[in-house]
Amino acid sequence: MASGGELQLLGSWISPYVIRAKVALGLKGLSYEYFEEDLFSKSDLLVKSNPVHKKVPVLIHGGRPVCESLVVVQYVDEAWAGTGSPLLPGDAHDRATARFWAAFIDDKFFVAWRELFRSTTDEQRAEAFKNVVPQVETLEQAFEECSKGKAFFGGDAIGLADIALGSFLVWIQVVDEVSGTKLLDEAKFPGLAAWAERFLAVDAVKEAMPDAGKLLEHYKGFLAKLASPAAPTSYS
Amino acid sequence: MAAEKKGLQLLDFWVSPFGQRCRIALDEKGLPYEYLEQDLDNKSELLLRSNPVHKKIPVLLHDGRPVCESLIIVQYIDEAFAGKSPALLPADPYARAQARFWADYVDKKVYDCGTRLWKLKGDAQQQACKEMLEILKTLDSALGDGKFFGGEQFGFVDVAFVPFTAWFLSYERYGKFSVEKECPRLAAWAKRCGERDSVAKNLYPPEKVYEFIGVLKKKFGIE
């Protein structure tokens, strides 16, 4: 299996950002050593490898760390450019478009969706859901424009925007189950709903995703803590 | 519909550090472009049509096709005009990853903290001041003893951060600290960058930025 130097990934099984790194590594057929981090008790290796943010994922390649999920994905794409399908398109304008949507997913979609994720009452959920739907509408349109009738935002193969959004899919399902919502409703968002199924069916993605049942239990525990005052509630 | 305008146009706002990144990148590459100053209180049809998602500047139009988000624009300029030197991003994948990491750090931290520094008062302002010092020291440390963030060559991180050097005076006044004293390497780097044509031409004097903040504060009803 291609590796080109020792690879280690510091992560957390629940983190969608780590999922991005795993998907990219999987798509390139790369083997790596995975270290599960306790985000409430960070390892020396994590703190040493990412002193600035102290966050996961961190990809360590030949002893050198790469941090920030989208930076990691682009690094994997460029360092193993000859392997597998490129994660970013060749055309400069298409690359800019892929990066634009990846940034939108982080800056707008996730920020809105996080409010739904953090909601502990039905009232909060309704308000949060109302605010995330416009972001999904924008992404549905983006999907139509980017895919041009093909399977993914990246065209025939998975690209940066697919990975950026797709990494949230199991979490979206889990939060939907607890909230009684269906964010990627096939009637309202047929493009994204079908895309989500295709994305989740890809081997590299299946291997990277957490077990939905386990994640659901974890989320219920998180909500219980959130609803009660004392415990720390942010994952950073 | 009119034919798409050929060449490069930049929809921008004079004092925007994000817009300045693009101007500097274009000038570094020696690329001619049409600068179109935007009225952000009364956004043009062109701006709204070119950036319907965010309705923000800067927007680069290349033969009529828009590219939005300043760091994405800078990468686009580097890639679409790869034949023109200098390369703003290095060739080596690891060096590129480092450059993207630090440009992202500047994006996540500097402007927001700077805004809190001049907008807020009391404890909140003190907190913003503390954070700004941490941010500048982190960047000072990342720069190290290098000439530029990328080493010998002026590059992506320098382009991302240099517009904020025009805001240092304002941060110093609001935060009551001296960049020269706290981060001497960063201060020297700022001077060094200021000697480049692309930077000298595109940054406004720090006093002008300070004056602009004063106008903003009046606009928001902040004393």
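These figures come from a predicted structure and were not determined experimentally.

S.K.: Describe the overall build of chain B, with residues and values.
M.R.: Scanning chain B for helices and strands turns up eleven helices and four strands. Taking 17 Å as the expected radius of gyration for a compact globule of 223 residues, we find that chain B reaches 18 Å, a close match to that expectation. For chain B, buried positions account for 51% of its 223 residues. A fraction of 69% describes how many contacts in chain B between residues 6 or more apart in sequence connect residues 24 or more apart. Charge-centre separation for chain B: the mean point of 33 positive side chains lies 2 Å from the mean point of 32 negative side chains.

S.K.: Kindly report on the layout of surface pockets, identifying the contributing residues and their values.
M.R.: Empty space left among the atoms is revealed by rolling a probe the size of a water molecule over them. There is about 920 Å³ of room inside the second largest pocket. Considering the residues around the second largest pocket, the lining is formed by 38 residues, among which A:Thr97, A:Ala98, A:Trp101, A:Glu145 and A:Cys146 are closest to the centre. Within the residue set of the lining of the second largest pocket, elements represented by two or more residues are helix H4 (92-117), helix H5 (122-147) and helix H6 (160-166) of chain A together with helix H2 (45-50) and strand S4 (65-68) of chain B. A breakdown of the residues in the lining of the second largest pocket according to their chemical character gives 20 nonpolar, eleven polar and seven charged.

S.K.: Explain the packing of H4(A) against helix H7 (residues 169-179) of chain A residue by residue, including any values.
M.R.: Residue and element names in this part refer to chain A. Where H4 contacts H7, the axes come no closer than 10 Å and their chain directions differ by 35°. As for the relative orientation of H4 and H7, their crossing is left-handed in sense. On the side of H4, the interface is formed by Phe109, Trp113, Leu116 and Phe117, while H7 contributes Trp171, Ile172, Val175 and Ser179. For the contact of H4 with H7, a count of residues per class yields seven nonpolar, one polar and no charged.

S.K.: I'd love a proper account of the interface of chain B and chain A, names of residues and values included.
M.R.: Interface size is commonly expressed as the accessible area that is lost once the parts come together. Listed as interface residues are 25 residues of chain B and, on the opposing side, 24 residues of chain A. Our count for the contact surface shared by chain B and chain A stands at five salt bridges. Between A:Arg95 and B:Glu79 there is a salt bridge, with the nearest N and O atoms lying 2.8 Å from each other. Breaking the side of chain B that touches chain A down by element, the ones donating at least two residues are S4, helix H3 (70-80) and helix H4 (93-119) of chain B. A per-class count over the side of chain B that touches chain A returns 13 nonpolar, four polar and eight charged.

S.K.: Explain the pairing of strand S1 (residues 7-11) of chain A to me, using residue names and the numbers behind them.
M.R.: Residue and element names in this part refer to chain A. The element S1 is extensively covered by neighbouring structure, given that five of its five residues are classed as buried. The alternating pattern of S1 places Leu7, Leu9 and Gly11 on one face and Gln8 and Leu10 on the opposite face, and all of these are buried. Where S1 and strand S3 (residues 58-61) come together, four bridges link them in antiparallel fashion. Looking across to S3, one finds that Gln8 is bridged to Ile60. Inspection of the sheet shows S1 paired to strand S2 (residues 33-36) by four bridges, in the parallel sense. Each residue of the ladder has a partner; that of Leu10, found in S2, is Phe35.

S.K.: Can you break down the UniProt feature "domain: GST N-terminal" (unreviewed entry) in chain B residue by residue, with the values?
M.R.: The UniProt feature table records "domain: GST N-terminal" (unreviewed entry) at residues 6-85 of chain B. Within the segment residues 6-85 of chain B, helix and strand shares are 36% and 21% respectively, and the terminal C-alpha atoms sit 22 Å apart.

S.K.: Tell me about the nonpolar core, and name the residues and values.
M.R.: The tendency in soluble globular proteins is for nonpolar side chains to be buried as a group. Among the nonpolar cores identified, the biggest contains 156 residues, and A:Phe109, A:Trp113 and B:Phe161 are the most heavily contacted of them. Beyond its immediate stretch of four places on either side in the chain, A:Phe109 contacts A:Phe104, A:Val132, A:Gln135, A:Val136, A:Leu139, A:Leu165, A:Phe168, A:Ile172 and A:Leu183.

S.K.: Describe the sheet that holds strand S3 (residues 59-62) of chain B, and please don't skip the residues or the numbers.
M.R.: In sheet architecture, strand pairing relies on hydrogen bonds along the backbone and comes in two forms, parallel and antiparallel. All names here are of chain B. Read across the sheet, four strands follow the order S2-S1-S3-S4 without closing on themselves; strand pairing throughout is mixed. Of all the strands in the sheet, just strand S2 (34-37) and S4 have a single pairing partner and so form its edges. With strand direction ignored, the average angle separating the axes of adjacent strands in the sheet is 20°. Pairing between strand S1 (residues 8-12) and S2: four bridges, direction parallel. Paired with Asp12 across the strands is Glu37, a residue of S2. Along the sheet face, helix H1 (residues 17-28) touches S1, S2 and S3 and points at about 155° away from the line of S1.

S.K.: Let's hear about the packing of aromatic side chains: which residues, and what values?
M.R.: Inspection of the entire model under this criterion finds 35 aromatic pairs over all chains. Their ring planes at 80° and their centres at 5.8 Å tell us that B:Phe18 and B:Phe164 sit as a pair that is edge-to-face. Separated by 146 residues along the polypeptide, B:Phe18 in helix H1 and B:Phe164 in the loop between helix H6 (156-161) and helix H7 (168-175) bring together distant segments of the chain. On the numbers, 5.3 Å between centres and 10° between planes, the contact of B:Phe161 with B:Trp189 is stacked. Placement of the pair is B:Phe161 in helix H6 and B:Trp189 in helix H9 (residues 184-194), with a sequence separation of 28 residues. Take B:Trp189: its relative accessible area is 0%, and that puts it in the buried class. Members of the aromatic cluster, each reached through a chain of ring pairs, are A:Tyr17, A:Phe109, A:Phe110, A:Trp113, A:Phe117, A:Phe168, A:Trp171, A:Tyr219 and A:Phe222. The side chain of A:Lys22 reaches across the aromatic face of A:Tyr34, ending 4.4 Å from its centre. Taking the ring centre of A:Trp13 as reference, the NZ or CZ of A:Lys214 above it sits at 4.6 Å.

S.K.: A description of the domain arrangement of chain B should follow, citing residues and the corresponding values.
M.R.: Residue and element names in this part refer to chain B. Domain annotation of chain B identifies domain 1 (8-81) and domain 2 (93-220). The C-alpha centroid of domain 2 is placed 21 Å from the C-alpha centroid of domain 1. Summed over the three residues of domain 1 that lose the most area to domain 2, namely Trp14, Arg21 and Ile24, the buried surface amounts to 30% of that side. The interface formed by domain 1 and domain 2 holds four salt bridges in total. As a salt-bridge pair, Lys219 and Asp41 come within 3.2 Å of each other at their nearest N and O atoms. Secondary-structure elements contributing two or more residues to the side of domain 1 that touches domain 2 are H1 and H3. For the side of domain 1 that touches domain 2, the residue count by class is ten nonpolar, two polar and six charged.

What counts as what
Residues numbered from 1 in each chain as written. Chains lettered and ligands numbered in written order. Predicted model: local features only at pLDDT ≥ 70, side-chain atom pairs only at ≥ 80, totals over all residues. Heavy atoms only, no water. Helix = DSSP H or I, 4+ residues; strand = E, 2+ residues; numbered from the N terminus. Rg over C-alpha atoms; globule rule 2.2 N^0.38 Å. Buried < 20%, exposed > 50% of the residue type's maximum accessible area, 1.4 Å probe, protein only. Contact = heavy atoms within 4.5 Å. Lys, Arg positive; Asp, Glu negative; His and termini not counted. Charge placed at Lys NZ, Arg CZ, Asp CG, Glu CD. 1 Å grid on protein atoms, 1.4 Å probe; cavity = no way out; pocket = protein on both sides within 12 Å on 5 of 7 lines; lining within 4 Å. Points joined across faces, edges and corners; volume = space filled by probe spheres on them. Nonpolar A, V, L, I, M, F, W, Y, C, P; charged D, E, K, R; others polar. Axes fitted to C-alpha atoms, helices over the stretch in contact; angles between N-to-C directions. Left-handed = near helix turned anticlockwise from the far one by under 90°. Salt bridge = Lys/Arg side-chain N within 4 Å of Asp/Glu carboxyl O. Pairing = 2+ DSSP bridges. UniProt positions renumbered as here; feature names shortened; annotations may be inferred. Core = buried A, V, L, I, M, F, W, Y, C linked by side-chain atoms within 4.5 Å. Phe/Tyr/Trp six-rings, centres within 6.5 Å; stacked < 30°, edge-to-face > 60°. Lys NZ or Arg CZ within 6 Å of the ring centre and 35° of its normal. Domains from an automatic or database assignment. Buried area = accessible area lost by both parts, 1.4 Å probe.

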